[in-house]
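Structural features, examined
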Amino acid sequence: MATPTASTKLLLSDLASTVQNVPSNYIRPINDRPNLTQVEVSDASSIPLIDLDGLYGPRHSEIIQQIGLACQHDGFFQVRNHGVPEKTINIMLNIARRFFKLPESERLKSYSDEPSKTTRLSTSFNVKTEKVANWRDFLRLHCYPLERYVHEWPTNPPSFREDVAEYCTSIRGLVLRLLEAISESLGLQRDYIDKSLGKHAQHMALNYYPPCPQPELTYGLPGHTDPNLITILLQDDVPGLQVLRNDKWVAVNPIPNTFIINIGDQMQVLSNDRYKSVLHRAVVNCNKERISIPTFYCPSPDALIGPAKELIDHNHPAAYTDFTCAEYHEKFWKRRVYIYMHLIINVDNKSVGDRIDSNPFVIPENLTARHIILKKNSD
């Protein structure tokens, strides 16, 4: 029997255990590989850990201030005592592992290479357009409102829909509490962000990163920012997430029963650049598989997003034009995917291309979709 190759297997999880070397279509150009020897390990001073106990009690002002400082200076923070039951977290991680251990034929029932599908199992990022693949498989689920999407989800493992729905509901509660706190930290009314999102949207990914025989040659996901409003990340006990901080990659080692919160591009827009959407990436290792489960919270497609009027004045003019979420994502897929596939970004060596073909817009050092698409006076 022939050995499976990258061209004969749709999913990485069915290929990875059969290879001793990284297939050529996963190998990054030499100047676009993760420099795993120059990564700092996170500690209490690098990625803030915020205790949410007392958010609606005597520590309210203290926690609001901590969240505001983290959003302003870091773009990432971790939370504990967040209100999501530990049992719910463990069940979610377990159901993800069980899904990716299902027989290939069962998993492939959910497979699609069409990015617009609201429920799909796929690999890498966008197999239709990318030139170099990423070392991950993922199951993408839209999950708000639940009743609209849950019937699309896998039915195996048998408790999948029930377990994931319970997790999604708990995470949405945490998101809404955080959005209130972030609104207050900006000096806005507590419900400002909530009311700015229209009917709201929520989706998630179950990411599976198999062991990689040569992790120095590829990425789980290369450096990127999140195009949504806010991301809530659950990860297992295997390190892999790295955040760019002070021009250095910092490894965010997992802390049990915590979530990692990161500010997305649309939150930076809404805050008129007061809060930061920060580059981050996922690296892989040769010994252990890794599971990560990000929840992406977004405005509804017709919601109008722009800098809060209360944050605009003579000294702080509007940094962005208003746009609908649908317009944003249309341009995101058309332009940002092109950029990531054709522009070599090497943060380690601080070399970033500043133009694409004859396009006149400039790519800043901290490349993000919000700068490319939405900045005032830009193309």
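The rules behind these values
- Residues numbered from 1 in each chain as written.
- Predicted model: local features only at pLDDT ≥ 70, side-chain atom pairs only at ≥ 80, totals over all residues.
- Heavy atoms only, no water.
- Pairing = 2+ DSSP bridges.
- Helix = DSSP H or I, 4+ residues; strand = E, 2+ residues; numbered from the N terminus.
- Core = buried A, V, L, I, M, F, W, Y, C linked by side-chain atoms within 4.5 Å.
- Buried < 20%, exposed > 50% of the residue type's maximum accessible area, 1.4 Å probe, protein only.
- Contact = heavy atoms within 4.5 Å.
- Salt bridge = Lys/Arg side-chain N within 4 Å of Asp/Glu carboxyl O.
- Polar contact = N/O pair within 3.5 Å; in protein donor to acceptor, adjacent residues only side chain to side chain.
- Axes fitted to C-alpha atoms, helices over the stretch in contact; angles between N-to-C directions.
- Parallel < 35°, antiparallel > 145°, perpendicular 65-115°, else oblique.
- Left-handed = near helix turned anticlockwise from the far one by under 90°.
- Nonpolar A, V, L, I, M, F, W, Y, C, P; charged D, E, K, R; others polar.
- Phe/Tyr/Trp six-rings, centres within 6.5 Å; stacked < 30°, edge-to-face > 60°.

Quick word on the pairing of strand β5 (residues 137-144)
As defined by bridge partners, strand β4 (residues 119-123) adjoins β5 across five bridges and the pair is classed as antiparallel. Within β5, the residue paired with Arg120 across the bridge is Arg140. Bridging between β5 and strand β6 (residues 201-209) involves seven bridges; their strand directions are antiparallel. Bridge pairing links Asp137 to Tyr208 in β6.

Quick look at the nonpolar core
In terms of nonpolar packing, the biggest core is built from 60 residues, with Ile67, Ile182, Met204, Leu206, Phe259 and Ile293 touching the most fellow members. Element by element, the count of residues in this core is highest for helix α5 (residues 160-185), at twelve residues. Once you skip the residues sitting within four places of it in the chain, Ile293 turns out to touch Met92, Leu93, Ala96, Tyr167, Met204, Ala205, Leu206, Ile232, Leu233 and Leu234. Formed by 13 residues, the second largest nonpolar core is a distinct cluster that contains Leu12, Cys212, Leu221 and Ala282.

So, the pattern of salt bridges
Under the definition given, this model contains twelve salt bridges. Close ionic contact of Arg59 with Glu62 constitutes a salt bridge, the shortest N to O distance being 3.3 Å. A residue is classified by how much of its surface remains accessible, and Glu62, at 40% relative accessible area, is partly exposed. Among the ionic pairs, Glu106 bridges to Lys109, the shortest N-O distance being 2.9 Å. Taking the relative accessible area as the measure of exposure, Lys109 reaches 62% and is therefore exposed.

Observations concerning the environment of Asn272
With respect to the element layout, Asn272 can be found in the loop between α7 (265-270) and β12 (280-282). The class of Asn272 is buried, set by a relative accessible area of 8%. For the pair Asn272 and Leu311, spaced 39 residues apart in sequence, the C-alpha separation works out to 6.7 Å. Leaving out residues up to four positions away in the same chain, Asn272 has contacts with Pro307, Leu311, Ile312, His316, Pro317, Ala318 and Ala319. Looking at Asn272, its side chain comes within polar contact range of the main-chain oxygen of His316, at 3.4 Å.

Regarding the packing of helix α2 (residues 86-100) against α5
Relative to each other, α2 and α5 sit at 135 degrees, their axes nearing to 10 Å. Here α2 is positioned oblique relative to α5, judged by the angle of their axes. In the crossing of α2 with α5, the sense of the turn from one axis to the other is left-handed. When α2 is examined against α5, the residues Thr88, Ile91, Met92, Ile95 and Phe99 are found in contact with a partner set consisting of Phe160, Asp163, Val164, Glu166, Tyr167 and Ser170. Taken together, the residues of the contact of α2 with α5 break down into seven nonpolar, two polar and two charged.

Focus: the sheet that holds β12
Pairing in this open sheet of five strands is mixed, and the strands run β1-β10-β9-β12-β7 from one edge to the other. The outermost strands of the open sheet, each flanked by one partner alone, are β1 (39-41) and β7 (221-224). Here the average twist between neighbouring strands, direction ignored, is 25 degrees. Sheet topology note: the β1/strand β10 (residues 248-251) ladder contains three bridges and is parallel. The residue bridging Glu40 from the neighbouring strand is Val250, located in β10.

Focus on the sheet that holds strand β2 (residues 49-51)
Pairing in this open sheet of eight strands is mixed, and the strands run β2-β3-β11-β8-β13-β6-β5-β4 from one edge to the other. Of all the strands in the sheet, the pair left with one neighbour each is β2 and β4. Strand-to-strand twist in this sheet, taken as the mean axis angle between neighbours without regard to direction, amounts to 25 degrees. Bridge analysis of β6 against strand β13 (residues 290-298) gives seven bridges, and the strand direction is antiparallel. Across the sheet, the residue bridging to Tyr208 is Ile291, located in β13. α2 rests against β4, β5, β6, β8 (230-235), β11 (259-263) and β13 of the sheet, and its axis sits at about 115 degrees to β13.

Points about the packing of aromatic side chains
Taken as a whole and judged by the stated rule, the model has five aromatic pairs. Ring geometry for Phe100 against Tyr208: centres 5.1 Å apart, planes inclined by 15 degrees, an arrangement best described as stacked. Of this pair, Phe100 sits in helix α2 while Tyr208 is found in strand β6, placing the two residues 108 residues apart along the sequence. With respect to burial, Phe100 and Tyr208 carry one shared label: buried. Connected via pairs of aromatic rings, a cluster forms that spans Phe99, Phe100, Phe160 and Tyr208.

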